[in-house]
Amino acid sequence: MSGKYSPDDLWVSLSESTRKTHPDIEIKLEAIWEAKKKRAEENGQVCYNGISYRLNSVQEKDGKVILDLGTFEYKVRDGLIAIPEYFELPEAYHRKGCFSTSSVKTSDGLYIMVELSGKSMNENIIELIGGIMETNIQMTSGRDVFQSFYDELEEEAGVKEKDINESYLKAIYLEARTNVGFYFEVLLNVSSKDLKERFKENQDVDIQALRLFTRTEYIDILKNHRSSNKHFIATILSI
């Protein structure tokens, strides 16, 4: 689903998760999680469980996006894709865990990405700004969906809401490993120089540095990224 959606264009409800479960899959999840925690501890990485949102359903009607969300534990969300048989199941079993991702452009026309420190379980070296949509925000409105992303923007790159000149939700998509991306496009009223200076006070241990690119460089990085999600976003930007 794609468009140029503002918070008022999103109608949000919360329900019980509609994810269908398969006993042969679910029984393996706890052992997978314990093994992952052990590997993280051995590697000095952070590994935590929590409650995050999943997409039960989405439809567009009269220019509005109608979202129904459920919740589930991160260890389930993460563990499912470690089971090869999971990918043989139909869509009713898909995890559809919600996450935000974005293209953020500074006032001087550069695009922001973040360089990871390797202390989280994210295996990428360079990433877009965004993150898992967790239940620290009660999702009851379009404003809440945007706020979840804005919190990531400030935490990872030091960008405050007052720094945003324009932002909108560009797309909602089912990615290759069956999570659901909420892709935002953002134009800032602050320069790359100001953001780099501000980043010196960064407190997010997962983020090592801000990286800034011209549009051509940015799209090229997305096209050649190890994640197919980034290839999709490069396609959106190239249209």
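Residues numbered from 1 in each chain as written. Predicted model: local features only at pLDDT ≥ 70, side-chain atom pairs only at ≥ 80, totals over all residues. Heavy atoms only, no water.

## Some remarks on the overall build of the chain
Consideration 1: Looking only at helices and strands, the chain has seven helices and 11 strands in total.
Consideration 2: In summary, the chain has a C-alpha radius of gyration of 18 Å against a globular reference of 18 Å for 239 residues, a match within 12%.
Consideration 3: In terms of overall dimensions, the chain has a C-alpha envelope of 55 × 50 × 30 Å along the principal axes.
Consideration 4: Across the 239 residues of the chain, 47% fall into the buried class.
Consideration 5: Once local pairs closer than 6 in sequence are excluded, the contacts in the chain between residues at least 24 apart make up 68%.
Consideration 6: Carbon and sulfur atoms make up 47% of the accessible area of the chain, which amounts to about 12200 Å² in all. (Helix = DSSP H or I, 4+ residues; strand = E, 2+ residues; numbered from the N terminus. Rg over C-alpha atoms; globule rule 2.2 N^0.38 Å. Buried < 20%, exposed > 50% of the residue type's maximum accessible area, 1.4 Å probe, protein only. Contact = heavy atoms within 4.5 Å. Areas by Shrake-Rupley, 256 points an atom, 1.4 Å probe, with all protein chains shown as cover.)

## So, the packing of aromatic side chains
Consideration 1: Taken as a whole and judged by the stated rule, the model has 10 aromatic pairs.
Consideration 2: Pairing Y86 with F87 gives two aromatic rings, centres 5.2 Å apart and planes at 75°, and the pair type is edge-to-face.
Consideration 3: Using a relative accessible area of 1% as the deciding quantity, one classes Y86 as buried.
Consideration 4: Arranged with centres 5.1 Å apart and planes meeting at 80°, the rings of F146 and F184 form a pair that is edge-to-face. With F146 in helix α4 (residues 142-157) and F184 in strand β10 (residues 180-188), this residue pair connects regions lying 38 residues apart in the sequence. The burial state of F146 is the same as that of F184; both residues are buried. (Phe/Tyr/Trp six-rings, centres within 6.5 Å; stacked < 30°, edge-to-face > 60°.)

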